[in-house]
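Summary of the model geometry
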Amino acid sequence: MANPIWIMTSAFDQLNLDQTVEKAIEIGVQGLDLCVFRKDGTRDDFVATHLDYENFGPDQAKALIDQFNGAKLRLSIGAFENLIGGDPIHRVKNQNHLLRLIRMAYLLGGDENDVKVGTFVGYNHELGNQEGGFEKNLLEYQRIFGPIIRYANSLGVTVLYENCPMEGWRSSGFTGTFNNLTGVLAARKLMYELVPEKNHGEIYDPSHDVWQHTDPVEVMKLTDMSRLKRIHVKSTRNIPDPFWGNMYPMQQIRSEWAEKLGISSSKNPWDRHHYEATLPGFGLGDSMDWRAFVNVLKEKGFSGPFEIENEAVLSKQTGKMGAIVQGCKAAVQNLAPLLWELSDEGWTYPSREYTPLKDLRRTDVPLVTMDDL
């Protein structure tokens, strides 16, 4: 099978859904992972809300399926927040928002239409700062996500975790930068042991392992393919740092010390690891062997979408729509020879692989909260 290429819609926060669908057609992708973040959330980096989650029922689900079938696109939905740590009020809001997205995915056909729900797990630093803190976070994950995953299972919906450590989620004044439990393979393996249901798995982004100096090929060799449902297309160009090394995050020091001695110092929570976000094939080279990565996925039978998550410095971070679209087009063209078939038109996604979303006319179910579970 030829893997489809999708776009994660966080890159198109400037556009509404209809405009984003138009851009997807222009770029030449086969699907969209629709970001549906809380409108009152705390994140302000790479977030978007492309569906009206407060007024979503069977009629809206049918209209969305019709729209995407008309455009010959597939879809998933997601929002990526801290669900086991951080501010207790927002923590519960994030948990309840995930439950809302699970209901929406059910109305859109859930697993029957391969409509998955993407999320983070997050990290609880009050527990993490204690001895045995990592294990305590795993047990907190089990306590919170066990009921969520069982609820999703009852509706035929699969939940997917992305592996970004969210290294900028805390002030630079803190020593550590591990802020999302799923940021390492060991945690993901343990999570499936603690919550054994089959309806949760992974969106794997190789760039996060690259800047952790971990080979994504080796990670894939040890990954349970039954859990892997999506690949994020995002690259990293690692930048050596002689002052701080490349194992631990750069620390925050007094500006007068840094200036006097010429030492680099953290100026914002997101600059602490030494890399530049890129897209494969656009502008800069990167520190990853995409051919080796794709080859191991093909050897292991991965047939899911490759989703472009455009956070690239030369593309999304310019704020220019032209550069955002350019970066996505370049990533598609860069991946095409690795994923698609050769024809007289070049490397193209075979039309026979496309199947429309089923209009299942799901009966509505009431919205639930964590208190209900």
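Let me begin by describing the structure that accompanies this report. Source: prediction; values computed, not measured.

Attention now moves to the overall build of the protein chain. Each helix and strand in the protein chain was counted, giving 11 helices and 12 strands. The C-alpha radius of gyration computed for the protein chain amounts to 20 Å, which stays within 12% of the reference 21 Å derived for 373 residues, consistent with globular compactness. Principal axes of the C-alpha set define a box for the protein chain whose edges measure 65 × 55 × 40 Å. The 373 residues of the protein chain split such that 54% are buried. The long-range fraction of contacts in the protein chain, counting pairs at least 24 apart against all pairs at least 6 apart in sequence, stands at 78%. By element, 51% of the accessible surface of the protein chain is carried by carbon and sulfur atoms, the whole surface being about 16,200 Å².

Here the structure, examined in full by the defined rule, presents 13 aromatic pairs. Between F120 and W169 the ring centres are 5.7 Å apart and the planes differ by 85 degrees, which places this aromatic pair in the edge-to-face class. Note that F120 is positioned in the loop between β4 (117-119) and α4 (125-128) and W169 in the loop between β5 (159-162) and α6 (185-194), a separation of 49 residues in sequence. A relative accessible area of 2% places F120 in the buried class. In this structure W169 comes out as partly exposed when scored by relative accessible area, which is 24%. Relative to F293, the ring of W290 has its centre 5.8 Å away and its plane inclined at 90 degrees; by these criteria the two rings are edge-to-face. You can see W290 and its partner F293 sitting in helix α10 (residues 290-299), three residues apart, about one turn around the helix. Note on accessibility: W290 and F293 belong to one class, buried. Through successive ring pairs, a cluster of aromatic residues spans F37, F80, F120 and W169. The aromatic ring of Y53 is capped on one face by K39, whose charged end is 5.7 Å from the ring centroid.

Once that is clear, we can look at helix α2 (residues 58-71). For α2, with 14 residues, the first-to-last C-alpha span of 20 Å sits near the 20 Å given by 1.5 Å per residue. Three or more residues of α2 are buried, namely A61, L64, I65, F68 and A71. Relative to the axis of α2, the buried residues are bounded by an arc of 130 degrees and lie together on one face. In α2, the exposed positions angled more than 90 degrees off the buried face are occupied by D59 and G70. Buried positions along α2 lie against α1 (17-27), β2 (31-35), β3 (74-78) and α3 (88-107). In the stretch just after α2, K72 is the one whose phi turns positive, near 55 degrees.

The next point concerns the sheet that holds β3. The eight strands lie next to each other as β1-β2-β3-β4-β5-β6-β7-β10, forming a closed barrel whose pairing is parallel. If you compare each strand with its neighbour and ignore which way they point, the axes differ by 30 degrees on average. Packed on one face of the sheet, α10 meets β6 (200-204), β7 (228-233) and β10 (306-308) and runs near 170 degrees to β7.

With that settled, the discussion passes to α10. Of all the residues in α10, the buried ones are W290, F293, V294, V296 and L297. For α10, the angular spread of the buried residues around the axis is 160 degrees, confining them to a single face. In α10, the exposed positions angled more than 90 degrees off the buried face are occupied by R291 and E299. For α10, the side-chain oxygen to backbone nitrogen distance between the N-cap and R291 is 3.2 Å, and the N-cap itself is D289. Taken from the residues just after α10, G301 is the one with a positive phi, measuring 80 degrees.

Thresholds applied
- Residues numbered from 1 in each chain as written.
- Predicted model: local features only at pLDDT ≥ 70, side-chain atom pairs only at ≥ 80, totals over all residues.
- Heavy atoms only, no water.
- Helix = DSSP H or I, 4+ residues; strand = E, 2+ residues; numbered from the N terminus.
- Rg over C-alpha atoms; globule rule 2.2 N^0.38 Å.
- Buried < 20%, exposed > 50% of the residue type's maximum accessible area, 1.4 Å probe, protein only.
- Contact = heavy atoms within 4.5 Å.
- Areas by Shrake-Rupley, 256 points an atom, 1.4 Å probe, with all protein chains shown as cover.
- Phe/Tyr/Trp six-rings, centres within 6.5 Å; stacked < 30°, edge-to-face > 60°.
- Lys NZ or Arg CZ within 6 Å of the ring centre and 35° of its normal.
- Expected span 1.5 Å × (residues − 1).
- Arc of directions from axis to C-beta.
- Pairing = 2+ DSSP bridges.
- Axes fitted to C-alpha atoms, helices over the stretch in contact; angles between N-to-C directions.
- Polar contact = N/O pair within 3.5 Å; in protein donor to acceptor, adjacent residues only side chain to side chain.

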